[in-house]
Amino acid sequence: RQCPGNLACSLNGLNKKVTGTFTGPLCFEVLGYELRRNGDLIGNLPGNATSFTDTLQGRIGVYELKPLVAEGVESCPTLSCTVTNSTVPFEIPLRINMGGRFLSDSRGQKWFGDGPGAGDPLSIRPDDLGGASWIESWCVKQSLDSPDALKSLGFDASNPNDQAIFNTIRFDDGAHPSEFRIELPVANGDYVLNLYFTECCCPNRHEQIEVEGVIVDDDVHSGDFSAVPRLGRTGRLTFDVEVSDGVLDIAFLPCPLCPPDPFPAVDTNAIIDASV
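Worth saying up front: this structure is predicted, and the values here are computed from it rather than measured.

Basis of the calculations
Residues numbered from 1 in each chain as written. Predicted model: local features only at pLDDT ≥ 70, side-chain atom pairs only at ≥ 80, totals over all residues. Heavy atoms only, no water. Helix = DSSP H or I, 4+ residues; strand = E, 2+ residues; numbered from the N terminus. Rg over C-alpha atoms; globule rule 2.2 N^0.38 Å. Buried < 20%, exposed > 50% of the residue type's maximum accessible area, 1.4 Å probe, protein only. Contact = heavy atoms within 4.5 Å. Areas by Shrake-Rupley, 256 points an atom, 1.4 Å probe, with all protein chains shown as cover. Lys, Arg positive; Asp, Glu negative; His and termini not counted. Charge placed at Lys NZ, Arg CZ, Asp CG, Glu CD. Salt bridge = Lys/Arg side-chain N within 4 Å of Asp/Glu carboxyl O. Pairing = 2+ DSSP bridges. Axes fitted to C-alpha atoms, helices over the stretch in contact; angles between N-to-C directions. Disulfide = S-S within 2.5 Å.

Let us now look at the overall build of the chain. Scanning the chain for helices and strands turns up four helices and 20 strands. Here the C-alpha atoms of the chain give a radius of gyration of 20 Å, agreeing with the 19 Å that 2.2 N^0.38 yields for 276 residues. Among the 276 residues that make up the chain, the fraction classed as buried is 49%. Put simply, of all contacts in the chain between residues at least 6 apart along the chain, 68% involve residues at least 24 apart. In the form shown here, the chain has an accessible surface area of approximately 12,800 Å², with 50% of it arising from carbon and sulfur atoms. The positive charge centre, built from 20 side chains, and the negative charge centre, built from 38, are 8 Å apart in the chain.

Pasting the structure below:
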């Protein structure tokens, strides 16, 4: 038995029309499909459907197509695709699951995913070679051993979506000349920027955070974002930001001259779990 698959979405930027196409029902058990945009149910499709159309609202459209099957039949996986209208700014609040998928956390808040993969589905990295690496389920066991860390931030270590948000990372090869930069088109104004980090391997990792062209933290390491700098603990750094040019610029930069303690060499691969 084969399930429907190969969902692909395209956007006509002139009329904001999204067209999604997918492989038709290859198994007789498919009764229909639920179609969601950014987590909200926007329609149902018949079992013989092979495409859908929609008008994109806002900048990002994460489309999820869930096959419906008869009771007692093994379910088919939900298909997904992401389209981006790069001419439209992000709406605030904006939550990004760095390196991971589109998810809702234990509080029902939606997080856009900029992965998994080396690509840039949200169109936020000006140089895709910077920050091209990612790891899913980066530090789940250690996080479960220290559930108070996520609890202190208002999340639930036992919730699989919270784990998938805060224990998936995007990271940069600090030795590569391309810098890990993010550009977020937003309306001008004053914002609070929250950056979340989980260190799982390297207490000698050091990086610098640049916001709007200014270094706002010149030595980020596990002891900087966690009061108990033990591996597997998620921490948060918060910055007040003023945007005046329509783009929030953030960079995660290596810090080769930072003190390497407790090891003789600095790990310069900058990481980030999530941002709000």
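This brings us to the pattern of salt bridges. Following the criterion strictly, the structure yields ten salt bridges and no others. Note that Glu-199 is salt-bridged to Arg-205, the shortest N-O span being 2.7 Å.

With antiparallel pairing, four strands are arranged side by side in an open sheet as S4-S3-S6-S7. On the outer flanks of this sheet lie strand S4 (40-46) and strand S7 (79-84), each paired with one strand and no other. Taken over all neighbouring pairs, the strand axes of this sheet differ in orientation by 20° on average, direction set aside. As paired strands, strand S3 (residues 30-37) and strand S6 (residues 60-69) are joined by seven bridges and run antiparallel to one another. Within the sheet, the bridge partner assigned to Gly-32 lies in S6 and is Leu-68.

What follows covers the state of the cysteines. Structurally, a disulfide amounts to a covalent bond that connects the sulfur atoms of two cysteines. Across all of its chains, the model carries five disulfides by this definition. Linked covalently through their sulfurs, Cys-201 and Cys-202 form a disulfide whose S-S length is 2.0 Å. The disulfide joining Cys-201 to Cys-202 has a torsion of about -85° about its S-S bond and is therefore left-handed. Cys-201 sits in the partly exposed class, given a relative accessible area of 40%. Covalently, Cys-255 is tied to Cys-258 through a disulfide, its sulfur atoms 1.8 Å apart. In this structure, the disulfide formed by Cys-255 and Cys-258 twists by about 75° around the S-S bond and is classed as right-handed. A residue is classified by how much of its surface remains accessible, and Cys-258, at 7% relative accessible area, is buried.

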